[in-house]
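Understanding the architecture of this molecule
Letter by letter, the chains look like this.
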Amino acid sequence: MPPRKRTAAEAVSSPATGGSSRRRSNRISLGGKKSTYFEDNDDDDELDVGAPPRKMAKTQAKSRKSTVEESEDELQYEEEEDNWPEGDADDGFEEDKEESDDDDDDDSESEEPPPVAKKRGRGRPAKATAKATPVKKASAKARASDTPKAKPTAKAKAKMQVKAESEEDEDDDDDDEDNRITFIPAVQLRDTDGVDYEDTRLHKNTLLFLKDLRANNKRSWLKTNDGEYRRSLKDWESFVETLTFKIIEADFTIPELPIKDVVFRIYRDIRFSKDPTPYKPHYSAAWSRTGRKGPYACYYVHAEPGRCMVGGGLWHPDNDALARLRASIDERPHRIRRVLMNPTFRKTFLPKAKANEKSVLSAFAAANKENALKTKPKGFHPEHKYIELLKLRNYTIGKKLDDKDLLAEDAQDRVMSVISAMVEFVTFLNSVVMPDPNLDSDSDEADGGEEEQGQEEEEGDGDDESDVL
């Protein structure tokens with residue numbers, strides 16, 4: 001804010017400065033500075049004596065320039081003052097006073113702090129949306145309210161009261177349902193009917209549980225009947241564990257493995273299946289050199305109400321194993337013929353086949369026709385003598401059992417009678433697919449070939465003798 005200008009009275013009362021006899025004007029310049037034209041210039045005295053010469057010269061030049069400018073302004077105002085009439089001198093002072101007062105008021109008003117500009121944030125500025133004032137329309141209810149309402153009758157009041165009570169009852173019922181706790185009674189286990197659970201046979205409750213699981217194949221049902229499931233699973237595992245020792249006695253190549261490596265799980269993989277049921281309605285187990293998994297042929301036992309069976313062999317072997325089997329059938333067919341023509345094997349697994357090679361081979365091919373090739377495999381002649389065996393992709397056998405066979409006291413002996421009949425078949429498959437490096441398979445094949453050639457020579461000699469006779 002610039003300094004306030006002096007009034008005319010202050011200017012008259014102030015003593016004159018300077019020793020010059022020249023008339024001095026007491027007018028105040030329009031600028032905020034007081035004229036120093038007739039006053040002694042003390043800037044030269046105030047110069048720093050100890051400053052460098054160049055700095056002193058610059059300071060003196062600046063002071064001279066400011067003095068010349070101020071003197072020119074003072075001369076201009078003095079000339080204007082001489083031209084004023086005498087009667088207007090005081091008026092001029094009064095006007096100056098009024099102007100100074102107005103300037104002071106303006107300056108005080110202008111001292112208000114300027115408004116602070118808001119900083120602009122990042123992104124696009126927000127759009128100013130003008131809120132449209134809603135136009136109220138007279139509703140039908142408002143118009144109807146203007147008309148006088150008829151008083152409700154006694155019947156209408158009774159109906160309204162009944163309706164209000166019913167709504168309150170419904171609200172109470174909803175609150176009760178939200179806070180209601182449902183108690184599900186625990187499912188009791190089946191009665192054993194005086195028959196104890198044994199390790200050498202299955203209990204009838206195990207097959208009954210599997211039957212119920214087939215009819216109620218849901219997670220919620222199995223969770224409710226978890227106690228029955230645990231008891232039946234324990235019964236099956238104990239049966240498999242005792243049966244393992246008897247299988248090892250029949251086939252020494254089967255190792256003693258943990259029960260989890262032999263028993264199949266009851267849960268199904270439904271990721272790529274059209275059947276959405278989550279559980280298998282049966283118990284099963286497989287014994288091989290690597291347990292239920294691996295490239296070796298195995299022995300298989302299946303427990304399901306109405307579908308119990310015992311089997312073995314190779315199910316869906318990989319391409320390398322399948323190629324070795326076909327090569328063995330093509331180059332050394334006498335080995336598989338000898339296994340399939342075994343009387344015990346034929347009687348157990350191919351009871352409908354006649355006691356000749358063609359009938360036995362056809363019955364074995366018919367038992368494995370599922371997933372078989374419709375045409376000859378690549379690299380073989382369509383008129384091959386054993387083309388039906390070469391088309392197969394599975395080399396398995398099996399025998400169905402009645403439910404009572406697994407519930408009988410000699411259940412494991414009945415199972416072992418079937419497994420013993422297929423030991424030669426499983427051994428042959430493993431010798432082809434995964435031959436044992438400790439055995440010389442060529443010598444065995446050579447011996448078998450010599451025996452077969454000797455039998456053919458004997459048959460030929462007999463024919464010659466008959467011809468001679």
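Further up the page is the structure itself.
So, here is what we can say about the structure in this document. (Residues numbered from 1 in each chain as written. Predicted model: local features only at pLDDT ≥ 70, side-chain atom pairs only at ≥ 80, totals over all residues. Heavy atoms only, no water.)

Taken in spatial order, the four strands of this open sheet run 1-2-3-4, and their pairing is antiparallel. Pairing within the sheet leaves two strands with one partner each, and these edge strands are strand 1 (283-287) and strand 4 (395-400). With direction set aside, neighbouring strand axes in the sheet form an average angle of 15°. Pairing of strand 2 (residues 298-303) with strand 3 (residues 309-314) involves five bridges; the strand directions are antiparallel. Considered in strand 3, the bridge of V301 is made with V310. On top of the sheet, helix 17 (residues 423-433) reaches strand 2, strand 3 and strand 4; it is set at about 25° to strand 3, its chief contact. (Pairing = 2+ DSSP bridges. Helix = DSSP H or I, 4+ residues; strand = E, 2+ residues; numbered from the N terminus. Axes fitted to C-alpha atoms, helices over the stretch in contact; angles between N-to-C directions. Contact = heavy atoms within 4.5 Å.)

With that settled, the discussion passes to the pattern of salt bridges. Side chains that differ in sign of charge can pair as their charged atoms come close. What the rule picks out here adds up to 14 salt bridges. Among the salt bridges present, the one from R307 reaches E304, with a minimum N-O distance of 3.7 Å. Exposure remark for E304: the relative accessible area of 6% places this residue in the buried category. One network of salt bridges, with partners in common, ties together R214, E304 and R307. (Salt bridge = Lys/Arg side-chain N within 4 Å of Asp/Glu carboxyl O. Buried < 20%, exposed > 50% of the residue type's maximum accessible area, 1.4 Å probe, protein only.)

Turning our eyes to something else, we now look at the packing of helix 9 (residues 226-250) against helix 16 (residues 411-421). Where helix 9 contacts helix 16, the two axes come as close as 11 Å, and the packing angle between them is 40°. Relative to helix 16, the element helix 9 is oriented oblique. Crossing of helix 9 over helix 16 shows right-handed handedness. Contacts from F239, T242, L243, K246, I247 and A250 in helix 9 reach A411, Q412, D413, V415, M416, I419 and S420 in helix 16. (Parallel < 35°, antiparallel > 145°, perpendicular 65-115°, else oblique. Left-handed = near helix turned anticlockwise from the far one by under 90°.)

Pairs of aromatic rings are described using the distance from one ring centre to the other and the angle between the two planes. Tallying each qualifying case throughout the model produces ten aromatic pairs. Ring centres of F209 and W221 lie 6.0 Å apart, and the angle between their planes is 25°; on these two criteria the pair is classed as stacked. Pair noted here: F209 is in helix 7 (residues 204-215) and W221 is in helix 8 (residues 219-224), with a separation of twelve residues, a long-range link. When sorted by exposure, F209 lands in the same class as W221, which is buried. Seen in terms of ring centroids, F364 and Y395 are 6.5 Å apart; in terms of plane orientation they differ by 35°. Their pairing is tilted. Here F364, found in helix 13 (residues 357-367), pairs with Y395, found in strand 4; they are 31 residues apart in sequence, far enough to count as distant. (Phe/Tyr/Trp six-rings, centres within 6.5 Å; stacked < 30°, edge-to-face > 60°.)

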